[in-house]
Amino acid sequence: MRFYRETWADVDLDALEYNIHSLQNHHKKDLIAIIKANAYGHGDDMIAKKALACGAKILAVSSLDEALSLRYKHVEGPILVLGHIAPKDIHVAIEEEIIATVTSYAWAKDILNENCEGLVVHLKVDTGMNRMGLKNMTEIEEVLSDFEEAGILVEGLYTHFASSDDPKEIQTYKQYVLFESIYRQLDHPFKWVHASNSDASLHFDTPICNAVRIGLALFGYASFDYDLKVVMTLKTKLVNVKTIEKGETVSYGATYTASQKEIIATIPIGYADGWNRKHQGHFAKIGDVECEYIGRICMDQCMIRLDKVYPEGTLVELLGNHVSIYPMAKHLETIPYEILTQLSDRIPKVYFEKGKIVTTINPRLIKKED
Ligand SMILES: Cc1ncc(COP(=O)(O)O)c(C=O)c1O
């Protein structure tokens, strides 16, 4: 598959493998690979298949649609849906062998009105995030016994930490203590017990758990210094290079005025690609040279200032080893998760393994068969 607009992401599957092994050496637990939001913008099926090949035991996504997206692309491993599945759709999960999360007491009761034979679930305990999960022992015990009677397999128990990016935050410890006490009181033979996300897995021990749910760190990022490799490099090429005079303005609203004679270039990426307007004032790089985004980011293009004339077609790094995501996130007043997951499917992905291209995926150029 090809692409003709020269803005794309190189995805290094060897870096993903490196990260998985590096993390597993650290936490020594089984891996639940978080593949939601199109694998944090890296492409769901390619990342899922590689994660399974590297030993991930379960893939986790946010919705039934995301789970089906993997199934339709022939991903065969166990898939856990972390979010809400409408009870009327639970038969789809059963047919496609997708594991559901018990997201609330009311959901559990509703599910019992459906034909649930063969359903497998993980039970989520809300220990303080107040987003999803069962709130107390009475609810949990009732659901466990109802589900046993209905032939639903409760194979997992989990919770989610609200403040794991801050190792000094006592909330993680408090949540874990509550989770552990619930787990011990239940005395149920769960196959899977999990709590930690990437950050927690790096600084917080969860002895009762046999698995960790890792998303961001798979892709080379964590809030703490850790031995990880960046998986995605976002690239583009200069498509228009010119000199502007002192006093000339650039882009919509004329928010940038050249303070002297300047060399500028247009690159084909804009907010419709997920490259939002707050990038103005930050920089891309040509080699090691920072090139500031000047003027407003447009829908499909934006302008950068150059230190000298480069030929059109010169490679520009937008995000990767030379343009780090953390300072970028600070500039954009957001977090790396948002930058990655907002990248639109207009950006084709080129997957590399052992230094060679294994495939190119451009969702905008898939021919309709019907
Ligand atoms: C329930 C749950 N578990 C795990 C993760 C993975 O988190 P991280 O990407 O920080 O590893 C997420 C991500 O949002 C999540 O919602």
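Reading the values: the criteria
Along each chain, the written sequence defines residue order, and numbers are assigned to residues from 1. Only residues with pLDDT of at least 70 get local features here, since the model is predicted, and only at 80 or more are side-chain atom pairs given and counted; chain-wide, interface and lining totals rely on the full set of residues. Only hydrogens and water are set aside when side-chain values are computed; all heavy atoms of the structure are taken into account. Proximity is defined per residue: if any heavy atom of the residue lies within 4 Å of a molecule or strand, that residue is considered near it. Definition of a polar contact: a pair of N or O atoms within 3.5 Å, with one able to donate and the other able to accept a hydrogen when the atoms are protein atoms, and with sequence-neighbouring residues admitted only if both atoms are side-chain atoms. Reported accessibility uses the Shrake-Rupley method at a 1.4 Å probe radius. Residues are deemed covered only where the shown protein chains occlude them. Whether a set of points on the 1 Å grid over the protein atoms alone is a cavity depends on a 1.4 Å probe fitting there but being unable to get out, while an open set qualifies as a pocket with protein on both sides within 12 Å along at least five of seven lines; lining residues are those with an atom within 4 Å of a point. Criterion for pocket placement: a molecule counts as inside a cavity or pocket if more than half of its atoms are within 2 Å of its grid points. Only DSSP runs of H or I with at least four residues qualify as helices, and only runs of E with at least two residues qualify as strands; both kinds are numbered from the N terminus onward. Gly counts as polar in this scheme, as do all residues outside two lists: the nonpolar Ala, Val, Leu, Ile, Met, Phe, Trp, Tyr, Cys and Pro, and the charged Asp, Glu, Lys and Arg. Surface patches are defined over residues having more than 30% relative accessible area and no salt bridge, joining like charges when they lie within 9 Å and nonpolar side chains (Val, Leu, Ile, Met, Phe, Trp, Tyr) when within 5 Å. Definition used for salt bridges: Asp or Glu carboxyl oxygen within 4 Å of a side-chain nitrogen of Lys or Arg. Under the scheme applied here, a residue whose accessible area is under 20% of the maximum for its type counts as buried, over 50% as exposed, and between as partly exposed, the area being computed with a 1.4 Å probe on protein chains only. Two strands are said to pair when DSSP picks up at least two bridges between them. Centres within 6.5 Å make a pair out of two Phe, Tyr or Trp rings, where for Trp the six-membered ring is used; the pair is then stacked when the planes are under 30 degrees apart, edge-to-face when over 60, and tilted otherwise. Cation placement over rings: the criterion is NZ of Lys or CZ of Arg within 6 Å of the ring centroid and within 35° of the ring normal. Those domain boundaries reflect an automatic or database domain assignment. Computed with a 1.4 Å rolling probe, the buried area is the accessible surface lost when two parts are put together, summed over both parts.

Student: Can you tell me about the site of the ligand, naming the residues and giving the values?
Tutor: Inspection of the region around the ligand gives 13 residues, with Tyr40, Ser198, Arg213, Leu216 and Tyr337 positioned closest. The separation between an oxygen atom of the ligand and a polar main-chain atom of Leu216 is 2.8 Å. The fraction of the free accessible surface of the ligand (400 Å²) that becomes covered by protein chains is 93%. When atoms are counted within 2 Å of each cavity's grid points, the one that captures over half of the ligand is the largest pocket. Among the elements of the structure, α2 (36-41) and β9 (211-214) are those that each provide at least two residues to the shell around the ligand. Split by residue class, the shell around the ligand holds 5 nonpolar, 4 polar and 4 charged.

Student: Now, about the environment of Ala53: what can you tell me, with residues and values included?
Tutor: Counting through the fold element by element, Ala53 comes out in helix α3 (residues 44-53). Along the sequence, Ala53 and Tyr72 sit 19 residues apart, while their C-alpha atoms lie 18 Å from each other.

Student: Mind laying out a nonpolar patch on the surface, listing which residues take part and the relevant values?
Tutor: On the surface, Ile170, Tyr173 and Val177 cluster together into a nonpolar patch covering about 290 Å² of accessible area. With respect to the element layout, Ile170 can be found in helix α8 (residues 170-186). On the basis of relative accessible area, Ile170 is assigned to the partly exposed category, the value being 48%.

Student: Tell me about the environment of Ala254, and name the residues and values.
Tutor: With respect to the helices and strands, Ala254 occurs in the loop between β12 (249-250) and β13 (256-257). As a C-alpha pair, Ala254 and Gly215 span 39 residues in sequence and 40 Å in three-dimensional space.

Student: So what about the pairing of strand β15 (residues 283-286)? Which residues, and what values?
Tutor: Along any regular strand, the residues point their side chains to alternate faces of the sheet. Of the two faces of β15, the one carrying Phe283 and Lys285 and the one carrying Ala284 and Ile286 are both buried. In the sheet, β15 pairs with strand β16 (residues 289-294) via 4 bridges, with the strands oriented antiparallel. Paired with Lys285 across the two strands is Glu290, which belongs to β16. Counted along the chain from β15 to the antiparallel partner β16, the turn is 2 residues long, and its residue Gly287 has a positive phi close to 60°.

Student: Before we move on, could you go through the pairing of strand β19 (residues 349-353) and cite the residues and values that matter?
Tutor: Judged from the 4 bridges that link them, strand β1 (residues 7-12) and β19 form a sheet pairing that is parallel. When the bridges of β19 are listed, Asp12 appears paired with Phe352. As defined by bridge partners, β19 adjoins strand β20 (residues 356-361) across 5 bridges and the pair is classed as antiparallel. Bridged to Glu353 within β20 is Lys356. The antiparallel pairing of β19 with β20 creates a hairpin that spans 2 residues between the two strands, and Lys354 there sits at a positive phi of about 50°.

Student: Could you give an account of the side chain of Thr7, with specific residues and numbers?
Tutor: Note on placement: Thr7 falls in strand β1. Polar contacts involving the side chain of Thr7 include one to the main-chain carbonyl oxygen of Pro268, which spans 2.5 Å.

Student: Account for the packing of aromatic side chains, with residues named and values stated.
Tutor: This model, assessed by the stated rule, comprises 6 aromatic pairs. Ring centres of Tyr40 and Phe219 lie 5.3 Å apart, and the angle between their planes is 35°; on these two criteria the pair is classed as tilted. Of this pair, Tyr40 sits in helix α2 while Phe219 is found in the loop between β9 and β10 (232-237), placing the two residues 179 residues apart along the sequence. Tyr40 gets classed as buried once you look at its relative accessible area, which sits at 8%. Looking at Phe219, the relative accessible area reads 0%, which means it is buried. Relative to Phe204, the ring of Phe161 lies with its centre 5.7 Å away and its plane at 75°, an arrangement referred to as edge-to-face. Highlighted residues: Phe161 in the loop between β7 (153-158) and α8 and Phe204 in the loop between α9 (198-203) and β9, separated in sequence by 43 residues. The class for Phe161 is buried, based on a relative accessible area of 4%. Feature note: the residues Tyr40, Phe219 and Tyr337 constitute an aromatic cluster, connected by ring pairs. Its end group placed over the ring of Tyr18, Lys229 keeps NZ or CZ at 4.2 Å from the ring centre.

Student: Lay out the domain arrangement of the chain with the relevant residues and their values.
Tutor: According to the domain assignment, the chain consists of domain 1 (13-218) and domain 2 (232-365). Computed from C-alpha coordinates alone, the two centres of domain 1 and domain 2 are separated by 36 Å. Buried area between domain 1 and domain 2, both sides added, is near 1,200 Å², and the carbon and sulfur share of it is 60%. If you look at where domain 1 meets domain 2, you find 2 salt bridges. When the shortest N-O distance is used, the salt bridge between Lys354 and Asp14 registers 3.5 Å.

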